[in-house]
Each structure stands twice: as structure tokens, then as C-alpha cells.
Amino acid sequence: MIPPFTAAVPDDEIATVLAAAEQIMRAGRLVLGAHTEVLETTVAVMAGTRYAIAVNSGSTALEIIYKTVDVQGRTVLMPTNTNYATAAAALAAGAQVRFYDAGLYPDLADLERRLTGDVSAVVVVHIGGYITPDLPQIMQLCEAAGIALIEDAAHAHGSTFGDRPAGGFGYAAAFSLFATKVVTTGEGGLITTDDPDLDRLARVYRNQGRDGDCARRNAPPVLAEIPHP
């Protein structure tokens with residue numbers, strides 16, 4: 001059997017992961033600890049956003065974003081060329097899904113035709129890490145209509161359009177850290193945004209409804225040596 005993918009992990013990265021795992025175990029805090037905070041800070045810098053919030057998957061990242069836009073009973077526009085998770089997360093948030101034509105890049109004219117009054121969000125997917133050159137026009141269309149622009153940046157860690165990075169164009173972006181992605185933790189996802197309300201709500205959602213700041217207030221001291229990328 002030919003596996004669909006294999007992860008090539010160099011020896012030095014294996015050593016770094018094992019050392020970090022030992023630090024986490026010895027600290028006694030297995031979730032939302034110092035390493036998570038370093039990851040969030042690093043990704044926020046990568047995306048050029050004020051905030052990055054780590055969650056358990058890219059699908060969860062999308063669902064949380066959809067919920068904060070309040071898509072319940074309304075329409076989310078997304079491209080025909082995407083992973084099922086992009087739509088599944090919207091359905092889980094209570095949205096109706098409508099598709100616009102897209103190959104590698106969105107069909108801008110078709111998207112504009114479908115931008116009706118019942119649409120609460122537009123999703124742009126950076127397939128293979130490619131950012132559409134029409135993104136500035138899409139941003140203008142969404143802004144004029146008062147509609148949230150969401151980036152599905154699952155493939156786009158480190159991608160840029162001009163000097164602007166993926167994850168920092170719209171209301172929010174979702175990154176995946178699944179095993180097949182450019183950057184992986186095996187499983188996991190991240191939200192990037194400049195919106196302080198989304199930052200707060202996302203931390204509440206990921207923490208079973210508890211105030212997202214509680215974990216930090218009750219946290220043990222940050223480990224002295226945390227490996228940075």
C-alpha cells in the first residue's frame with residue numbers, strides 16, 4: 001500500500017519535540033500552557049495580526065469564526081474548490097451554504113452576483129497556499145456590503161500577497177495544523193484576527209465556556225526555556 005503522505009521529521013526537530021514534551025509533563029499543565037502561548041505569539045507575527053488563538057483543529061477554528069459572525073439561519077458564500085470541512089463547519093454553526101465558482105482562484109464576477117442580502121460571510125480559500133490577486137477587490141466588495149470576509153488559510157502558512165501575509169486580510173482566518181499541512185502539530189488549528197471580541201470569544205469557546213483569561217490567571221510560572229521557531 002502506498003501511503004497518501006508521510007511526514008519527514010528531521011532528527012533535530014524530533015529532539016526539540018521530545019524536550020518540549022518533557023517540559024510540559026514536568027510542569028504538570030498539559031493544555032493551554034506556555035508552549036501554546038509561544039505558538040500563538042509566533043503565528044500572530046506570521047499573519048501580521050494582533051491575535052492568534054490555538055484550537056484543536058482547523059475545522060474548529062472555522063466553526064468558531066462562523067459563530068462569532070452569527071451565521072445562524074443566514075448564508076455563507078464559499079468557493080466550489082475547497083475541502084468539505086469549510087462547508088461542514090458553517091453547517092455546524094447553523095448557516096446555509098452557497099457556492100461561487102472557483103478554480104485555483106475565485107471567479108470574481110460569479111462571487112459578486114451571489115452577494116445578496118442574506119449573506120453574512122464570504123470565505124476565500126487559499127488553495128495550495130495561493131492567494132488570489134483579486135483579494136483586494138473581494139475585500140472592497142465585502143466591506144461595502146458590511147459582510148465579514150473569512151480566510152480559509154489551511155494551506156497558506158507563510159504565504160503572502162505583495163508584502164501582506166495570509167491570515168491578515170479579513171475579519172479572521174483559520175489555519176490548520178493537521179499532519180498534511182505546511183506547519184503541523186499532528187492535529188490542531190489556529191484563528192488569526194485583529195478583532196478583540198473574537199479573540200475573547202474564541203478563548204471562551206475553546207475552554208468549555210469559561211472565561212478565556214482564567215487559564216492564564218491560574219497558570220504556573222512560564223517555563224524558563226521554551227524553544228522558539
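Residues numbered from 1 in each chain as written. Predicted model: local features only at pLDDT ≥ 70, side-chain atom pairs only at ≥ 80, totals over all residues. Heavy atoms only, no water.

Glancing now at the overall build of the protein chain. Summing up its helical and strand segments, the protein chain has eight helices and nine strands in all. Taking 2.2 N^0.38 as the reference for a compact globule, 229 residues should give roughly 17 Å; the C-alpha atoms of the protein chain span a radius of gyration of 18 Å, in line with that estimate. Buried positions account for 42% of the 229 residues belonging to the protein chain. Sequence-distant contacts in the protein chain: of pairs separated by 6 or more residues, those separated by 24 or more amount to 59%. Here the protein chain contributes 16 positively and 26 negatively charged side chains, and the mean placements of these two sets differ by 7 Å. (Helix = DSSP H or I, 4+ residues; strand = E, 2+ residues; numbered from the N terminus. Rg over C-alpha atoms; globule rule 2.2 N^0.38 Å. Buried < 20%, exposed > 50% of the residue type's maximum accessible area, 1.4 Å probe, protein only. Contact = heavy atoms within 4.5 Å. Lys, Arg positive; Asp, Glu negative; His and termini not counted. Charge placed at Lys NZ, Arg CZ, Asp CG, Glu CD.)

At their nearest, the axes of helix α3 (residues 58–69) and helix α7 (residues 196–206) sit 10 Å apart, and the two run at 125 degrees to each other. If you check the angle between α3 and α7, you find them oblique. Classified by chirality, the crossing of α7 by α3 is right-handed. Here Ile64, Lys67 and Thr68 of α3 lie close against α7, whose contacting residues are Leu198, Leu201, Ala202 and Tyr205. Here the contact of α3 with α7 is built from residues that sort into five nonpolar, one polar and one charged. (Axes fitted to C-alpha atoms, helices over the stretch in contact; angles between N-to-C directions. Parallel < 35°, antiparallel > 145°, perpendicular 65-115°, else oblique. Left-handed = near helix turned anticlockwise from the far one by under 90°. Nonpolar A, V, L, I, M, F, W, Y, C, P; charged D, E, K, R; others polar.)

Residues Val9, Ile14 and Leu18 make up a contiguous nonpolar surface patch of roughly 260 Å² in combined accessible area. With respect to the helices, strands and loops of the structure, Ile14 is situated in helix α1 (residues 11–27). (Patch = residues over 30% accessible without salt bridge, like charges linked within 9 Å, V, L, I, M, F, W, Y side chains within 5 Å. Areas by Shrake-Rupley, 256 points an atom, 1.4 Å probe, with all protein chains shown as cover. Salt bridge = Lys/Arg side-chain N within 4 Å of Asp/Glu carboxyl O.)

Turning our attention to the environment of Thr6. Relative to the helices and strands, Thr6 resides in the segment before α1. What makes Thr6 exposed here is its relative accessible area of 65%.

Before going further, it helps to spend a moment on unusual backbone geometry. Of note in this structure, Leu32 is not a glycine but carries a positive phi near 50 degrees. Structurally, Leu32 is set in the loop between α1 and α2 (34–47).

Time to look at the pattern of salt bridges. All chains considered together, the criterion is met by eight salt bridges. Residue Glu22 pairs with Arg26 through a salt bridge whose shortest N-O separation is 2.9 Å. Remark: Arg26 and Glu22 occur in helix α1; sequence separation between them is four residues, near one turn of the helix. Relative accessible area serves as the criterion here: at 67%, Arg26 is assigned to the exposed category. Of the charged contacts, one joins Asp199 and Arg203 as a salt bridge, the two residues approaching to 3.0 Å between their closest N and O atoms. Within this pair, Asp199 and its partner Arg203 are both found in helix α7, separated by four residues, close to a single helical turn. The same class applies to Asp199 as to Arg203, namely buried.

So, on to the sheet that holds strand β5 (residues 148–152). With mixed pairing, the seven strands of this open sheet are ordered in space as β1-β9-β8-β5-β4-β2-β3. Strands at the two margins of the open sheet, each flanked by one partner only, are β1 (51–55) and β3 (96–100). Direction aside, the axes of adjacent strands within the sheet are offset by 25 degrees on average. Across three bridges, strand β2 (residues 75–79) lies against strand β4 (residues 119–125) in parallel orientation. Looking at the pairing, Leu77 lines up with Val122 of β4. Of the strands in this sheet, β1, β8 (172–176) and β9 (189–193) are in contact with α2, which crosses β1 at around 130 degrees. Sheet contacts for helix α6 (residues 135–145): β4 and β5; angle to β5, the most-contacted strand, approximately 145 degrees. (Pairing = 2+ DSSP bridges.)

Taken residue by residue, the protein chain gives an average pLDDT of 90. The fraction at 70 or more is 92%. Note that residues 214–229 has pLDDT below 50 and, in this model, 26 contacts with residues that lie over four places away or in other chains. (pLDDT = per-residue confidence, 0-100.)

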